[in-house]
Amino acid sequence: MNAKDVLGKQGEQLAAEHLQRAGLRILDRNWRCAEGEIDIVAAERRALVVCEVKTRSGVRYGTPLEAITRQKRNRLRRLAVRWLVAHGVLFDEIRIDVIGVLRAESGDFTVEHVRGVG
Amino acid sequence: MPLARTHSIALVGIQGHPVEIEADIENGLVALLLVGLPDTALREARDRIRAAIVNSKEAWPQRRITVGLSPASLPKRGSSFDIGIAVAILGAADVLPAASLADLLFIGELGLDGRLRPVRGVLPAVAAAAAAGFGTVVVPADNAPEAALVPGIRVLAADSLGSLLGWLRGGCPADGAAGAAVWQGGSLPPDGGGPGPAGAEVPGCDLAELVGQPTARRAAEICAAGGHHLLLLGPPGVGKTMLAERLPTVLPRLEAAAALEVTAIHSVAGTLPPGGPLLSRPPFCAPHHTATKAAIVGGGSGIIRPGAASLAHHGCLFLDEAPEFSRDVLDALRQPLESGEVVVARLGQTARFPARFTLLLAANPCPCARSAPAAVSSAAARSACTCRPAARRRYLARLSGPLLDRVDVKVEFLPVGRAELLSDRQFAEPSSVVAKRVELARQRAAFRLRGTRWRLNAEIPGSELRRSYAPAPGALAPLERAMDLGEISARGVDRVIRLSWTVADLANVARPTIAEVSYALGLWLGAAS
């Protein structure tokens, strides 16, 4: 595995732990279909939460949260629908969350969770 | 608190309108949205502000930021909202105490490195802020002397966003913070010490240098005393331009209110001298004859800029080679000549610029511009005018009748011989002597007009002139005769009466008599020097 993929895995693990601590139920991780991949699928009360995790080792190329564009958000929305169809479950609400994980020089991670980006 | 509020000023012409800047931070994709009719320069503020905040060692909020400028329907242009937007964003991000920002007003542009850059139009903007009840404005350090001209306002001048933030965080408005200084508005001594000595000292320029043209010097004195318009007609090299350039040297300094008004116009145009910004001398503006209508009366796409006519407000507008100006440019001057202001209408907004100037026109008598065809010797005949009468007539006809009708004094320069030059030398008075007479005459007029909003004889409207300022009984006889002969229009009669008041003021005569009216009529019809 490349260094960047190791970092990505670490970030996703941290994000999942963060969500669990925040009281969300993790339903699925790294779910793939023809259109792409969902990092984390979780449930919070009656809402389906599709979570995109972005991990970076520095802000030289922008912060992790900045890397999520409108196109990316729209794709996550389509993926959410595909996940629901594939699993045949119903939710009151679909929410897209973004989790930015940043590794500082010291090796410490900071996790930032933005709920409901659209 | 995810919401913060600051204020700035949007300028339309030289009129400032308070603008409320709101910044709101909410969950969403990282973005900065700017709403409220921004133009291109203001839209680019998004990138400037981000770089400036990051380079001032502050964190850029990783959220969806919405910045609203209200009233939303007022078009906002330029870069002077940068500081206000940046501070509002930092207030919404809880970097600054949002409550302390709401009463402040910010004007200025941000550099990418966080420096505060000076902008145009600070004086009218700060004046509008004071009128709207703001007590403190923040401006870039380079604009501070200009902003401090406004009485009754506290000006905080900062050189960078970093030092400004230090001051705002401290909460206490003290000038202890490095890179920031507090100026008290209206505390600056006006440039050169107020409306004291008459006559602007322009180095190397004095009316006494215009030897051989006593009539023209006298005409300049009368125009300066009463604010009348002047046409200088004559062949090249007799001193038309010289006279026009020396007219400001006999004008008194501007009064405080007028100086502020003139400075505000020049501030919007971006023509203020750095350092001592208050213009206390009457401006002199001499546009080239290729100037467009927008350059003369004001206009331009986007930000409406004042034209030469407004830049010459309370001063002189000199059109050299007047017939070479395009006709619609000259005729566009008719509105400001009549009303003293220019109204420029552009998409969605109308700008008013004051434009009460003394018009100076200089013209050659014909296209070849050689001396008059009254040649006697054969040598003179060779250098005499070769234009046909029709060409001469057409040339001066470019100055339209309605325009010439508004010119009070017409002087024809004749070429001078050596003997005249030498003999006139002892009579030519320096500008300082003439300026004293002009100031005395202006004081007499101002005393007579006290209680009205006019200061100069040229400003008295026709109806008022006939009602309250009629010349002595019987003094109008020469005018009635000229009117019967069709030499003068009804408006011309009013103009001659105003002129006769100025002649009387200069001669310290209480009321124009037949002598002053005859003299004024001679000036109006065109006197040969």
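Caption draft 1: Layout of the overall build of chain A. The number of helices and strands found in chain A is two helices and five strands. Starting at the N terminus, the α and β elements of chain A follow one another as α-β-β-β-α-β-β. In summary, chain A has a C-alpha radius of gyration of 14 Å against a globular reference of 13 Å for 118 residues, a match within 12%. Across its three principal directions, the C-alpha atoms of chain A cover 45 × 30 × 25 Å. Across the 118 residues in chain A, those meeting the buried criterion constitute 27%. Sequence separation of at least 24 residues holds for 55% of the intrachain contacts in chain A that already meet a minimum separation of 6.

Caption draft 2: Summary view of the overall build of chain B. The helix and strand tally for chain B stands at 22 helices and 18 strands. Based on the C-alpha atoms only, the size of chain B along its principal axes is roughly 90 × 45 × 45 Å. With 529 residues in all, chain B has 48% of them scored as buried.

Caption draft 3: Geometry of unusual backbone geometry. A cis amide bond, omega 5°, links Ser70(B) with the succeeding residue Pro71(B). In this structure, Pro71(B) sits in the loop between strand 4 (64-70) and helix 3 (82-92).

Caption draft 4: Main features of the pairing of strand 4 of chain B. All names here are of chain B. In strand 4, alternate side chains face the same way, and those of Ile65, Val67 and Leu69 are buried while those of Arg64, Thr66, Gly68 and Ser70 on the opposite face are not. Here strand 2 (residues 15-26) runs beside strand 4; their pairing, made up of seven bridges, is antiparallel. When the sheet's bridge partners are listed, Glu20 is paired in strand 4 with Ser70. The pairing of strand 3 (residues 31-35) with strand 4 spans five bridges and is classified as parallel. The residue bridging Leu32 from the neighbouring strand is Ile65, located in strand 4.

Caption draft 5: Examining the interface of chain A and chain B more closely. Between chain A and chain B, the residue contacts involve 12 residues of the former and five residues of the latter. Where the side of chain A that touches chain B is concerned, the elements lending two or more residues are helix 2 (70-87) and strand 5 (109-114) of chain A. A per-class count over the side of chain A that touches chain B returns four nonpolar, three polar and five charged.

Caption draft 6: Highlighting the sheet that holds strand 2 (residues 36-44) of chain A. Residues and elements named next belong to chain A. One open sheet accounts for five strands, arranged 1-2-3-4-5; its pairing is mixed. Edge positions in the sheet fall to strand 1 (25-33) and strand 5, since each of these pairs with one other strand and no more. Pairwise comparison of adjacent strand axes, ignoring direction, gives a mean angle of 25° for this sheet. Pairing of strand 3 (residues 47-56) with strand 4 (residues 93-103), which is carried by 10 bridges, proceeds in the parallel orientation. Each residue of the ladder has a partner; that of Thr55, found in strand 4, is Val101. Of the strands in this sheet, strand 1, strand 2, strand 3, strand 4 and strand 5 touch helix 1 (residues 3-21), which is tilted by about 140° from strand 3.

Caption draft 7: Quick peek at the confidence of the model for chain B. All names here are of chain B. Per-residue confidence for chain B gives a mean pLDDT of 86; residues scoring 70 or more make up 91%. Considering each helix and strand of chain B separately, the mean pLDDT is smallest for strand 18 (residues 527-528), with a value of 54, and largest for strand 5 (residues 105-106), with 96. In the predicted structure, residues 189-200 sits below a pLDDT of 50 and forms 30 contacts with residues beyond four places in sequence or in another chain. A low-confidence stretch, residues 373-377 (pLDDT under 50), is modelled with five contacts involving residues beyond four sequence positions or located in other chains.

Caption draft 8: Main features of the nonpolar core. Among the nonpolar cores identified, the biggest contains 155 residues, and Ala86(B), Val126(B), Leu232(B) and Leu360(B) are the most heavily contacted of them. Residues contacting Ala86(B), with those up to four places away along its chain left out, are Ile49(B), Ala52(B), Ile53(B), Leu110(B) and Leu161(B). Of all hydrophobic cores here, the second largest spans 23 residues; its members include Ala15(A), Ile40(A), Val117(A) and Val30(B).

Caption draft 9: The environment of Gly474(B), seen in detail. Mapped onto the elements, Gly474(B) comes out in the loop between helix 19 (462-468) and helix 20 (477-484). Considered as a pair, Gly474(B) and Thr513(B) are 39 residues apart in the sequence and their alpha carbons are 7.8 Å apart.

Caption draft 10: Structural detail: helix 3 of chain B. Residues and elements named next belong to chain B. Burial runs high along helix 3: 11 of the 11 residues are buried. Turning to helix 3, its buried residues number three or more, namely Asp82, Ile83, Gly84, Ile85, Ala86, Val87, Ala88, Ile89, Leu90, Gly91 and Ala92. Positive backbone phi, at 65°, marks Asp94, one or two positions downstream of helix 3.

Caption draft 11: Summary view of the packing of helix 4 (residues 122-131) of chain B against helix 9 (residues 256-269) of chain B. Residues and elements named next belong to chain B. Contact pair helix 4 / helix 9: the axes reach a minimum separation of 7 Å and the direction vectors enclose 120°. As far as their axial angle goes, helix 9 and helix 4 are oblique. Of the residues in helix 9, those touching helix 4 at Val122, Leu123, Pro124 and Ala127 are Thr263, Ala264, Ser267 and Val268. A breakdown of the residues in the contact of helix 4 with helix 9 according to their chemical character gives six nonpolar, two polar and no charged.

Caption draft 12: How the structure looks around the domain arrangement of chain B. Residue and element names in this part refer to chain B. Taken domain by domain, chain B comprises domain 1 (3-184), domain 2 (204-211 + 427-529) and domain 3 (229-367 + 396-407). For the side of domain 1 that touches domain 3, the leading source of residues is helix 4, giving four residues. Across the side of domain 1 that touches domain 3, the residue classes tally to 10 nonpolar, four polar and four charged.

Caption draft 13: How the structure looks around the environment of Ile89(B). All names here are of chain B. Along the polypeptide, Ile89 turns up in helix 3. Residue classification places Ile89 among the buried residues on the basis of 26 C-beta atoms within 10 Å. Setting aside residues no more than four positions away along its own chain, Ile89 makes contact with Ala23, Pro61, Ile65 and Val67.

Here is what the cut-offs are and how they apply
- Residues numbered from 1 in each chain as written.
- Chains lettered and ligands numbered in written order.
- Predicted model: local features only at pLDDT ≥ 70, side-chain atom pairs only at ≥ 80, totals over all residues.
- Helix = DSSP H or I, 4+ residues; strand = E, 2+ residues; numbered from the N terminus.
- Rg over C-alpha atoms; globule rule 2.2 N^0.38 Å.
- Buried ≥ 20, exposed ≤ 12 C-beta atoms within 10 Å, placed from the backbone.
- Contact = placed C-beta atoms within 7 Å.
- Pairing = 2+ DSSP bridges.
- Nonpolar A, V, L, I, M, F, W, Y, C, P; charged D, E, K, R; others polar.
- Axes fitted to C-alpha atoms, helices over the stretch in contact; angles between N-to-C directions.
- pLDDT = per-residue confidence, 0-100.
- Core = buried A, V, L, I, M, F, W, Y, C linked by C-beta atoms within 7 Å.
- Parallel < 35°, antiparallel > 145°, perpendicular 65-115°, else oblique.
- Domains from an automatic or database assignment.

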